[in-house]
Amino acid sequence: MEREANLDVPMSEPVPVFLLTAIRNEGRLVERLFTEIHGVLSASGLLSRARMVIVDDQSIDETPNVIRECIARHPDLSVELITLASNRGNQSAMAHGLRSIASRARHGVLLTFDADGEDDLTRLPELVEMLERDPSRMVFVYREGRKDGLLVKVFYVVYKLIYRLLTGQRLIPCNLMAVPGAMIPAIAASPLLPLHFSYPPLRLGIPYQALPMARRERYSGRSTQNIGMLIQHALIGLTIFYEQVVARVMLLTGGVVVLTSLLALFIFLVRLLAPQLLPVGLPTLVFLFLFGFGFISVVLLVVFCLATSLFKLLIEQGRRE
């Protein structure tokens, strides 16, 4: 899944590689994260170019101290720790980190990822190579082979279908991305960034290449994903493309109204001219079905119109950050 490149961003010589992640209350996992990152960068020859940025999303456990200890144990790895004064949530914390380094990262490349081990960090060098081969497009990673429970998997399949139908987008990205430096200012300036870190580049229409990647198990061996979190992410993902969603729901609602009207006229004429052709109860069943479908469409339209009003308030909040 690819889009045509329309930017020409030369990357003829090695540039800094910024690695951005956010973490909260994961002190027991930090050592494994550092060990893996250090090993991957060393083996790939990227260690001297790497600038790792960790956003501590107001941890209340030993996480900040463990991070500092790991920094001291890996002096050859450049690490910057950004500590937030209050808990913002993972997506907003990632957005804060990106905006903090945007002016520096624009002269390099940016890799973003989750710190819980589910993203395959051994493939970070591959993402850098993809940017170096084609610096005119960023790289989105989309996950395959989910390891969640059956209910979460079923909901995710339903969400993918609804997302594609209502937004026209085929890609559902995750936090694992690679961004050429020239594209970073536009992404960092997006007021949508704190809502969901990975969707704004799609909304901006930035050229991209897509890479499938299997989700690993967390360092802790258990996933924190649940149906409530997935619904929350799904609603935010749809809301970011709210104009497309509202327009398509309006078209759907209008289509149902037109179809119902035409069918009502047809049934009226048949009952008037040849009532024996209509099976008993068929008109009622058809009308009930279309009425239910139309009612659901109207409810969706009202919900998304209300969501649009809330969304505009969130955009203004994002602009003020």
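Scroll up to find the structure.
Residues numbered from 1 in each chain as written. Predicted model: local features only at pLDDT ≥ 70, side-chain atom pairs only at ≥ 80, totals over all residues. Heavy atoms only, no water.

1. Examining the side chain of Ser198
Stated formally: Numbered from the N terminus, helices here are DSSP runs of H or I no shorter than four residues, and strands are runs of E no shorter than two. Side-chain atoms alone can form a polar contact between residues adjacent in sequence; in general such a contact is a pair of N or O atoms within 3.5 Å, and within protein one must be able to donate a hydrogen while the other accepts it. Residues count as neighbours in contact if any of their non-hydrogen atoms are within 4.5 Å of one another.
Residue placement: Ser198 occurs in the loop between α6 (184–189) and α7 (200–204). A polar contact is formed between the side chain of Ser198 and the side chain of His196, at a distance of 3.3 Å. The residues touching Ser198, leaving out its near neighbours within four places in the chain, are Gln91, Phe140, Pro173, Cys174, Asn175 and Met177.

2. A word on the side chain of Asp134
Take Asp134: it is sitting in the loop between α4 (124–133) and β5 (138–144). Engagement of the side chain of Asp134 in a polar contact is seen with the side chain of Arg137, the distance being 2.6 Å.

3. Section: the packing of aromatic side chains
When we look at a pair of aromatic rings, we describe it by the centre distance and by the angle of the planes. The condition is simple: Stacked, tilted and edge-to-face are the three classes assigned to paired rings of Phe, Tyr and Trp, where Trp is represented by its six-membered ring and a pair needs centres within 6.5 Å; plane angles under 30 degrees give stacked, over 60 edge-to-face, the rest tilted. Only protein chains enter the accessibility calculation, which uses a 1.4 Å probe; a residue whose area is less than 20% of its type maximum is buried, one above 50% is exposed, and one in between is partly exposed.
Under the definition given, this model contains five aromatic pairs. When the ring of Tyr163 is compared with that of Tyr199, the centres are 5.9 Å apart and the planes differ by 65 degrees; the resulting orientation is edge-to-face. Of this pair, Tyr163 sits in helix α5 (residues 150–167) while Tyr199 sits in the loop between α6 and α7, and the two are 36 residues apart along the sequence. Accessibility classification places Tyr163 together with Tyr199 in one group, the buried group. With centroids separated by 6.3 Å and ring planes inclined at 75 degrees, the aromatic side chains of Tyr163 and Phe241 adopt a geometry described as edge-to-face. Taken together, the residues Tyr163 in helix α5 and Phe241 in the loop between α8 (227–240) and α9 (242–273) connect sequence positions 78 residues apart.

4. Thoughts on the environment of Asn87
Mapping Asn87 onto the fold places it in the loop between β3 (78–83) and α3 (90–105). Look at Asn87 and you get partly exposed, because its relative accessible area is 41%. As for Asn87 and Ile60, which are separated by 27 residues in sequence, their C-alpha atoms are 9.8 Å apart. With residues near it in sequence (within four places) discarded, Asn87 still touches Arg24, Asp57 and Gln58. Side-chain polar atoms of Asn87 contact the side chain of Asp57, separated by 2.7 Å.

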